[in-house]
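A look at the structure
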Amino acid sequence: MLNLILFGPPGSGKGTQSQLVIEKYGLIHISTGELLRNEISIGTPLGQEAEQFIQKGQLVPDEVVIGMLSTVLEKHPRSKGYIFDGFPRTAAQSEALDKLLSLRKTAITKVLSLEVPEDELVRRLLERGKTSGRVDDANEEIIRARIVEYHNKTVPVADHYARVGKFKKVKGDGTIEETFELLCNEIDSLVAVEA
Ligand code: ADP
């Protein structure tokens, strides 16, 4: 299996690039942000809890997200592989993911990290907020809060995978096509090793 984590701060292009990657490589896309927004829109108790955090730009508690992710993995037991987008976002989530995958006799192949300067992130998110209807893209204060959460809680996830040689930075501030090409170069080299 090819199990990728698409890593990077809010606005780095994980969602956009994930779509392109799944089309080309036939992986299953798991975006915890999308799953949470879906729970909110159908009004489940999980969604109602998550919304309190998301609208402030804070991370949703680990137990909520990990439980949700485990349920989703059970729905897709036979896959060529997964691309995780927006997960894991804390050290506890990365430990839980490693365990869930090892129970399935698999593991993370590589973490690909989209590198984008902070000013560009804020610009992109404010732009997206004009049309996305996402409450967490609505103003700069919430966007900055998300970036602070990223630095405080999510960056340790990078260290976790870097220690085992599974972390790779990819330049993410070019065009969508340029970034996709850089990602494909990385993924193709992983596929070549697997084959
Ligand atoms: P972005 O990467 O642009 O912030 P996402 O759609 O991935 O967008 O996430 C939106 C929000 O959903 C996050 O700010 C956070 O509140 C919540 N969220 C998504 N994934 C997680 C996660 N793995 N752990 C905790 N909270 C999460």
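Here, the structure is the one placed above.
Okay, so let's go over this structure. Please read all numbers here as calculations on a predicted model, not as lab measurements.

Some thoughts on the pattern of salt bridges
Going through the model one piece at a time under the given rule, you end up with 13 salt bridges. Put simply, Arg134 and Asp137 hold a salt bridge, and the shortest N to O gap is 3.8 Å. Of the residues examined, Asp137 reaches a relative accessible area of 1% and is grouped as buried. Across the pair Arg146 and Asp137 runs a salt bridge, and its minimum N-O distance is 2.8 Å. With respect to class, Arg146 is no different from Asp137; both count as buried. The network of salt bridges with shared partners includes Arg128, Arg134, Asp136, Asp137 and Arg146.

Remarks on the packing of aromatic side chains
Scanning the entire structure with this criterion turns up 3 aromatic pairs. Arranged with centres 5.9 Å apart and planes meeting at 45°, the rings of Phe7 and Tyr150 form a pair that is tilted. One end of the pair, Phe7, is in strand 1 (residues 4–7); the other, Tyr150, is in helix 7 (residues 140–162), and 143 residues separate them in sequence. Both residues of the pair, Phe7 and Tyr150, belong to the buried class. Residues Phe7 and Phe167 carry aromatic rings whose centres are separated by 5.9 Å and whose planes lie at 80° to one another, so their mutual orientation is edge-to-face. Here Phe167 lies in strand 5 (residues 167–171) and Phe7 lies in strand 1, a separation of 160 residues in the sequence. The structure contains a cluster of three or more aromatic residues connected by ring pairs, namely Phe7, Tyr150 and Phe167.

Quick notes on the sheet that holds strand 1
Read across the sheet, 5 strands follow the order 2-3-1-4-5 without closing on themselves; strand pairing throughout is parallel. At either margin of the open sheet sits one strand with a lone partner, and together these are strand 2 (28–31) and strand 5. Here the average twist between neighbouring strands, direction ignored, is 25°. Sheet topology note: the strand 2/strand 3 (residues 82–85) ladder contains 4 bridges and is parallel. The residue bridging Ser31 from the neighbouring strand is Asp85, located in strand 3. Of the strands in this sheet, strand 1, strand 2, strand 3 and strand 4 (110–115) touch helix 1 (residues 14–25), which is tilted by about 170° from strand 3.

The rules we used
- Residues numbered from 1 in each chain as written.
- Predicted model: local features only at pLDDT ≥ 70, side-chain atom pairs only at ≥ 80, totals over all residues.
- Heavy atoms only, no water.
- Salt bridge = Lys/Arg side-chain N within 4 Å of Asp/Glu carboxyl O.
- Buried < 20%, exposed > 50% of the residue type's maximum accessible area, 1.4 Å probe, protein only.
- Phe/Tyr/Trp six-rings, centres within 6.5 Å; stacked < 30°, edge-to-face > 60°.
- Helix = DSSP H or I, 4+ residues; strand = E, 2+ residues; numbered from the N terminus.
- Pairing = 2+ DSSP bridges.
- Axes fitted to C-alpha atoms, helices over the stretch in contact; angles between N-to-C directions.
- Contact = heavy atoms within 4.5 Å.

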